[in-house]
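Remarks on the overall topology
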Amino acid sequence: MSSHTVHPTKTPAIANAPVIGLAEGSSTFSNYHLAALILGVPWVVKRILPIVSRGGFYTYWALVAIMGVPLAISYWYLMSRIGSRVNEKVALPGKDIEEYITIKDLELKKEFHGKNKIPMQLFHDAYFDGKIDIKGPFRLFTLTPQS
């Protein structure tokens with residue numbers, strides 16, 4: 001891992017490198033913890049609940065199958081919320097919304113400015129109604145009829 005920071009250029013001929021460190025996972029995630037959770041919680045449930053406590057080997061694995069996916073999803077969600085990033089050296093842009101879009105509608109401009117985020121559905125509707133323009137080189141794919 002490099003200890004150098006990324007310095008964006010101001011020269012228009014040189015494209016900036018993509019912001020690194022955004023795709024890295026959380027350092028608090030552990031496959032061992034996930035496996036212990038998926039295998040341990042059904043064992044505890046089997047020991048405590050009277051309805052399944054008399055079952056045997058197949059009852060345990062049925063509980064693992066039933067509870068495994070919700071436990072895994074819960075663990076991933078929790079670790080992504082409370083875990084820190086692996087690489088804290090990357091400074092995220094954090095620019096105001098006006099750097100990326102132009103809001104033509106006065107009501108939207110009063111509500112969404114600076115660091116305020118626009119909900120995706122509202123942005124979608126406002127963009128296709130012509131109330132918002134996206135700054136920068138932005139192209140939609142155009143379909144041309146083939147002759």
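Anyway, here's the lowdown on the structure attached to this text.

The rules behind the values
- Residues numbered from 1 in each chain as written.
- Predicted model: local features only at pLDDT ≥ 70, side-chain atom pairs only at ≥ 80, totals over all residues.
- Heavy atoms only, no water.
- Helix = DSSP H or I, 4+ residues; strand = E, 2+ residues; numbered from the N terminus.
- Buried < 20%, exposed > 50% of the residue type's maximum accessible area, 1.4 Å probe, protein only.
- Contact = heavy atoms within 4.5 Å.
- Salt bridge = Lys/Arg side-chain N within 4 Å of Asp/Glu carboxyl O.
- Patch = residues over 30% accessible without salt bridge, like charges linked within 9 Å, V, L, I, M, F, W, Y side chains within 5 Å.
- Areas by Shrake-Rupley, 256 points an atom, 1.4 Å probe, with all protein chains shown as cover.
- Phe/Tyr/Trp six-rings, centres within 6.5 Å; stacked < 30°, edge-to-face > 60°.
- Axes fitted to C-alpha atoms, helices over the stretch in contact; angles between N-to-C directions.
- Parallel < 35°, antiparallel > 145°, perpendicular 65-115°, else oblique.
- Left-handed = near helix turned anticlockwise from the far one by under 90°.

Each helix and strand in the chain was counted, giving 5 helices and 2 strands. Moving toward the C terminus, one meets the helices and strands of the chain in the order α-α-α-β-α-α-β. Per-residue burial for the chain yields a buried fraction of 18% across its 147 residues. Restricting to contacts in the chain with at least 6 residues of sequence separation, those with at least 24 account for 54%.

The next thing to look at is the pattern of salt bridges. Throughout the structure, instances matching the rule amount to 2 salt bridges. The salt bridge partner of aspartate 96 is lysine 115, with a shortest N-O separation of 3.2 Å. Taken together, the residues aspartate 96 in the loop between helix 3 (57-82) and strand 1 (101-103) and lysine 115 in the loop between helix 4 (106-111) and helix 5 (120-128) connect sequence positions 19 residues apart. With a relative accessible area of 34%, aspartate 96 lands in the partly exposed category. With a closest N to O distance of 2.8 Å, lysine 104 and aspartate 133 form a salt bridge. Residue lysine 104 is found in the loop between strand 1 and helix 4, and its partner aspartate 133 is found in strand 2 (residues 132-134); the two are separated by 29 residues along the sequence. Taking relative accessible area as the criterion, lysine 104 reaches 49% and is therefore assigned partly exposed. By relative accessible area, which is 33% here, aspartate 133 ends up partly exposed.

Below, the discussion takes up the environment of methionine 79. Here methionine 79 lies in helix 3. Of the residues examined, methionine 79 reaches a relative accessible area of 12% and is grouped as buried. Between the C-alpha atom of methionine 79 and that of phenylalanine 29, which follows or precedes it by 50 residues, the distance is 6.1 Å.

Turning our attention to a nonpolar patch on the surface. Taken together, Phe29, Val69, Ile73 and Trp76 make up a surface patch of nonpolar side chains, about 400 Å² in accessible area. Its location among the elements puts phenylalanine 29 in the segment before helix 1 (31-48). Residue classification places phenylalanine 29 among the partly exposed positions, given a relative accessible area of 31%.

In the structure shown here, the tally under the stated rule is 6 aromatic pairs. Here the aromatic rings of phenylalanine 57 and tyrosine 58 are separated by 5.7 Å at their centres, their planes lie at 75°, and the arrangement is edge-to-face. Take phenylalanine 57 and tyrosine 58: they sit in the same class, and that class is exposed. Judged by centre distance (5.1 Å) and plane angle (70°), the rings of tyrosine 60 and tryptophan 61 are edge-to-face. Overall, the relative accessible area of 15% leaves tyrosine 60 in the buried class. Exposure remark for tryptophan 61: the relative accessible area of 39% places this residue in the partly exposed category. Members of the aromatic cluster, each reached through a chain of ring pairs, are Phe57, Tyr58, Tyr60 and Trp61.

As a further point, take the packing of helix 1 against helix 3. At a closest axis distance of 8 Å, the pairing of helix 1 and helix 3 adopts a crossing angle of 135°. Comparing the axis directions of helix 1 and helix 3 gives the class oblique. Helix 3 is crossed by helix 1, and the crossing has right-handed handedness. On helix 3, the residues touching His33, Leu34, Leu37, Ile38, Leu39, Val41, Pro42, Trp43, Val45 and Lys46 of helix 1 are Thr59, Tyr60, Trp61, Leu63, Val64, Met67, Gly68, Leu71, Ala72, Tyr75 and Trp76.

Treat this as a map of the structure, not an account of what it does.
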